[in-house]
Amino acid sequence: MNKTDTPVISVLMSVYNAERYVAEAIQSILGQTEGRFEFLIVNDGSSDASASILDRYAAQDSRIRVIHQENRGLIASLNLLLEEARAPLVARMDSDDVSRPERFAVQLAEMAARPEIAVLGTNTDELDADGAYFPCSDFHPEQPEDIRERLIVASGICHPSVMMRRDVIRALGGYRAAFRHCEDYDLWLRVSEHHDMMNLRDRLFLYRRSPDQVSEKHILVQAIGAACARYAAQQRRAGRPDPFEGATSLPSLDTIDAVLGTQGVGARMRLEVIDSVKYSRDAMTSGGLELMQAHLREGGTKHGFWRTAGRLVKLGMIPQALTLSYDLVRY
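Here is a short report on the structure shown in this document. Predicted model only: the values in this text are computed from it and were never measured.

Parameters at a glance
- Residues numbered from 1 in each chain as written.
- Predicted model: local features only at pLDDT ≥ 70, side-chain atom pairs only at ≥ 80, totals over all residues.
- Heavy atoms only, no water.
- Helix = DSSP H or I, 4+ residues; strand = E, 2+ residues; numbered from the N terminus.
- Buried < 20%, exposed > 50% of the residue type's maximum accessible area, 1.4 Å probe, protein only.
- Contact = heavy atoms within 4.5 Å.
- Pairing = 2+ DSSP bridges.
- Right-handed = clockwise from strand over helix to strand, strands pointing away.
- Patch = residues over 30% accessible without salt bridge, like charges linked within 9 Å, V, L, I, M, F, W, Y side chains within 5 Å.
- Areas by Shrake-Rupley, 256 points an atom, 1.4 Å probe, with all protein chains shown as cover.
- Salt bridge = Lys/Arg side-chain N within 4 Å of Asp/Glu carboxyl O.
- Phe/Tyr/Trp six-rings, centres within 6.5 Å; stacked < 30°, edge-to-face > 60°.
- Lys NZ or Arg CZ within 6 Å of the ring centre and 35° of its normal.
- Core = buried A, V, L, I, M, F, W, Y, C linked by side-chain atoms within 4.5 Å.

**With respect to the side chain of N123**
- Relative to the helices and strands, N123 resides in strand β6 (residues 117-127).
- Taking relative accessible area as the criterion, N123 reaches 0% and is therefore assigned buried.
- Not counting residues within four places of it along the chain, the set of residues in contact with N123 comprises D138, F139, H140, E142, L200, R201, D202, R203, L204 and F205.

**What to know about the environment of E84**
- Along the chain, E84 falls in helix α3 (residues 74-84).
- Judged by its relative accessible area of 29%, E84 is partly exposed.
- When the C-alpha atoms of E84 and L40 are compared, they prove to be 8.0 Å apart, with 44 residues separating the residues in sequence.
- Those residues in contact with E84 that lie beyond four places of it in its chain are E38, L40, R65 and I67.

**Considering the pairing of strand β2 (residues 37-44)**
- Taking burial as the measure, the eight residues of β2 include eight buried ones, the bulk of the element.
- Burial of β2 is two-sided: the residues F37, F39, I41 and N43 facing one way and the residues E38, L40, V42 and D44 facing the other way are all buried.
- Examined bridge by bridge, strand β1 (residues 9-15) and β2 share seven bridges and lie parallel to one another. Looking at β2, one finds that M13 is bridged to I41.
- As a crossover connection, the stretch from β1 through helix α1 (residues 22-30) into β2 is right-handed.
- In this region the chain leaves β2, passes through helix α2 (residues 50-60) and returns to the parallel neighbour strand β3 (residues 64-69); the handedness of that crossover is right-handed.

**What to know about a nonpolar patch on the surface**
- Side chains of V313, I318 and L322 sit close together on the surface and give an oily, nonpolar patch of about 270 Å² of accessible area.
- Turning to its location among the elements, L322 is positioned in helix α14 (residues 318-330).
- Using a relative accessible area of 58% as the deciding quantity, one classes L322 as exposed.

**A closer look at the packing of aromatic side chains**
- Tallied over the entire structure, the rule returns two aromatic pairs.
- Each ring, one from F37 and one from F104, has its centre 5.8 Å from the other, and the planes form 80°; the classification is edge-to-face. Here F104 lies in helix α4 (residues 103-113) and F37 lies in strand β2, a separation of 67 residues in the sequence. The same class applies to F37 as to F104, namely buried.
- Taken together, a centroid distance of 6.1 Å and an interplanar angle of 85° make the contact between F179 and F244 edge-to-face. Of the two residues, F179 is situated in the loop between α6 (166-171) and α7 (183-192) and F244 in the loop between α9 (219-237) and α10 (256-260); the sequence distance between them amounts to 65 residues.
- One cation-aromatic arrangement involves R201 over F139; the distance from NZ or CZ to the ring centre is 3.9 Å.
- Here R203 stacks its cationic end above the ring of F139, 4.0 Å away from the centre of that ring.

**Some points on α7**
- Within α7, ten of the ten residues are buried, leaving the element largely enclosed by the surrounding structure.
- For α7, the complete set of buried residues consists of E183, D184, Y185, D186, L187, W188, L189, R190, V191 and S192.

**Considering the environment of D94**
- Mapped onto the fold, D94 is located in the loop between β4 (89-92) and β5 (98-99).
- Placed 76 residues apart in sequence, D94 and A18 show a C-alpha to C-alpha distance of 9.8 Å.
- Apart from residues lying up to four places away in sequence, D94 is in contact with M13, A25 and P160.

**Focus on the pairing of β4**
- Taking every second residue as pointing to the same face, both faces of β4 are buried, with L89 and A91 on one and V90 and R92 on the other.
- By the bridge criterion, three bridges tie β4 to strand β8 (residues 163-165) in an arrangement that is antiparallel. Bridging from a neighbouring strand, V90 pairs with M164 of β8.

**Focus: the nonpolar core**
- Within the largest apolar cluster, 62 residues are counted, with the highest numbers of intra-cluster contacts made by V119, W188, V273 and L324.
- Ranked by residue count, the leading element in this core is α9, at eleven residues.
- Those residues in contact with L324 that sit more than four places away from it in its chain are L289, M292, L296, F305, T308, A309 and L312.
- Residues L89, I117, L120 and Y207 belong to the second largest nonpolar core, which totals 32 residues.

**Quick word on the pattern of salt bridges**
- Under the defined criterion, the tally for this structure stands at 26 salt bridges.
- In this structure, R203 engages D125 in a salt bridge whose closest nitrogen and oxygen atoms are separated by 3.8 Å. Of this pair, R203 sits in strand β9 (residues 196-208) while D125 sits in strand β6, placing them 78 residues apart in sequence.
- A residue is classified by how much of its surface remains accessible, and R203, at 17% relative accessible area, is buried.
- Residue D125 is classed as buried on the basis of its relative accessible area of 4%.
- Between E193 and R236 there is a salt bridge whose closest N-O contact spans 2.8 Å. Here E193, found in the loop between α7 and β9, pairs with R236, found in helix α9; they are 43 residues apart in sequence, far enough to count as distant.
- A single salt-bridge network, built from bridges that share partners, covers R176, D186, R190, E193, R236, R237, D242 and E245.

Written out as structure tokens, the structure is:
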């Protein structure tokens, strides 16, 4: 495909300090059996060798266009890529994952056959940090109604595996700045209110699991954002204004009732967050334990908390386990 040709697909990838994996990710896109795409890549202020790797591939393949910028974060980068995209369909890709060769061809055929589908993900297998392959035993929900049901509690779509209709996502305002580390979940909730989404049963994507990924390092922030996204969706569906429309950040759970003029919303969200993070080492050392203590001080349920204390012992987090046990006894 020449640069002057209109691409069928715009591939969107943001890169930040991904020198270990990014070449494999790029090669998996260049190896697609469907080649009528442009490959738009933001180098989001990387300080490692990512920039030179990207420039080398761009010099070799005219479909690749690299945008270098100071670090602005994933949400800003994805919104920029959405604006730059020329094709009616956009395909996400992450810099540490791998797309199987037939991914675009299969997704493109399904999107052509199903014009009512706005977002089409795939099922996945997994890679570890060293590249070892792990077949998955579970499946993402496939049909629109099953995805909507899953969205009530969690995302049911692997974000970097999706192909989306560009104009639908743009019309919804793209990714929202306030929902750091859960920007996809907030977007899926908004899409699902107006359009259908699907997952292919085919495992066309290899998702990398590593200790450095967002879902591990930022699990507490992600859980708080997800709780806020669910609350916003509930308000929209009840015909009320979205409380976070136009926000660039979310209020803390301690202040959310004061900010929104509500009562009890912060406590309910806090319990949702606790349920999501109570077995995470990273979360329990970065504010999760304090959320549990505040919940207990206010007379909240203790159901499952002793199990959490035992889990903390198994993780070697003895001080945190003792603190939680003490609070379980005294409150």
